[in-house]
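Take a look at the letters that make up each chain.
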Amino acid sequence: MMVASLSALLFTEVRSAAALESWGWRVPFLIALPLGLIGLYMRLRLDETPEFAQVAASGEHERAPLRATLRHDWRSILRSPRWCARRRCAPTCCWCTGPRS
């Protein structure tokens, strides 16, 4: 995230506002294209873990994994947004409001 923020800062400082409006919005997509291709290459070339291969070969997998997850782990699912909000929003709120004098 820091690299993205610094590159955006650098790009906005180097280019004019008109250049950013006309073609600068395309730059993140041009950067993301090779990264996506690298990710696809890695995904297609990597082998599955032995545990996954064993479960897939045995046929002991869930027919409806989403239903099983909702039935067994619904508490974790409900806690997840609250945890994310605490993790992301609280530091931002503290930084924006800051101590009042």
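Position labels on residues start from 1 in each chain and follow its written sequence. Confidence filtering applies because this is a predicted model: local features only for residues at pLDDT of at least 70, side-chain atom pairs given and counted only at 80 or more, and all residues used for totals across whole chains, interfaces and linings. By convention in this description, side-chain values take in all heavy atoms of the structure and omit both hydrogens and water.

Student: I'm lost on the overall build of the chain in this one. Help?
Tutor: Secondary structure elements are defined from DSSP: runs of H or I of at least 4 residues count as helices, runs of E of at least 2 residues count as strands, and each element is numbered from the N terminus. Counting its secondary structure elements, the chain contains six helices and zero strands. Helices and strands appear in the chain in the N-to-C order α-α-α-α-α-α. Here the term buried applies to any residue with accessible area under 20% of the maximum for its type, exposed to any over 50%, and partly exposed to those in between, with areas from a 1.4 Å probe on protein chains only. A buried classification covers 4% of the 101 residues belonging to the chain. Accessible surface computed for the chain: about 9,800 Å², of which carbon and sulfur atoms make up 65%. For the area figures, the Shrake-Rupley method with a 1.4 Å probe applies, and any residue is considered shielded solely by the protein chains shown.

Student: I keep staring at the layout of surface pockets and nothing clicks. Help me out?
Tutor: One way to see where empty space is left: roll a probe the size of a water molecule over the atoms. Both site types are read off a 1 Å grid over the protein atoms alone. A 1.4 Å probe that fits but cannot get out defines a cavity, while an open set with protein on both sides within 12 Å along at least five of seven lines defines a pocket; lining residues have an atom within 4 Å of a point. Grid points are joined across faces, edges and corners, and a volume is the space filled by probe spheres set on the points. By volume, the largest pocket is sized at about 190 Å³. Residue lining of the largest pocket: Val3, Ala4, Ser7, Ala8, Phe11, Gly24, Val27, Pro28 and Ile31, and that is the complete set. Contributions of two or more residues to the lining of the largest pocket are made by α1 (2-14) and α3 (27-45). Top element by residues in the lining of the largest pocket is α1. It accounts for five residues.

By themselves, these figures tell us nothing about what the structure is for.
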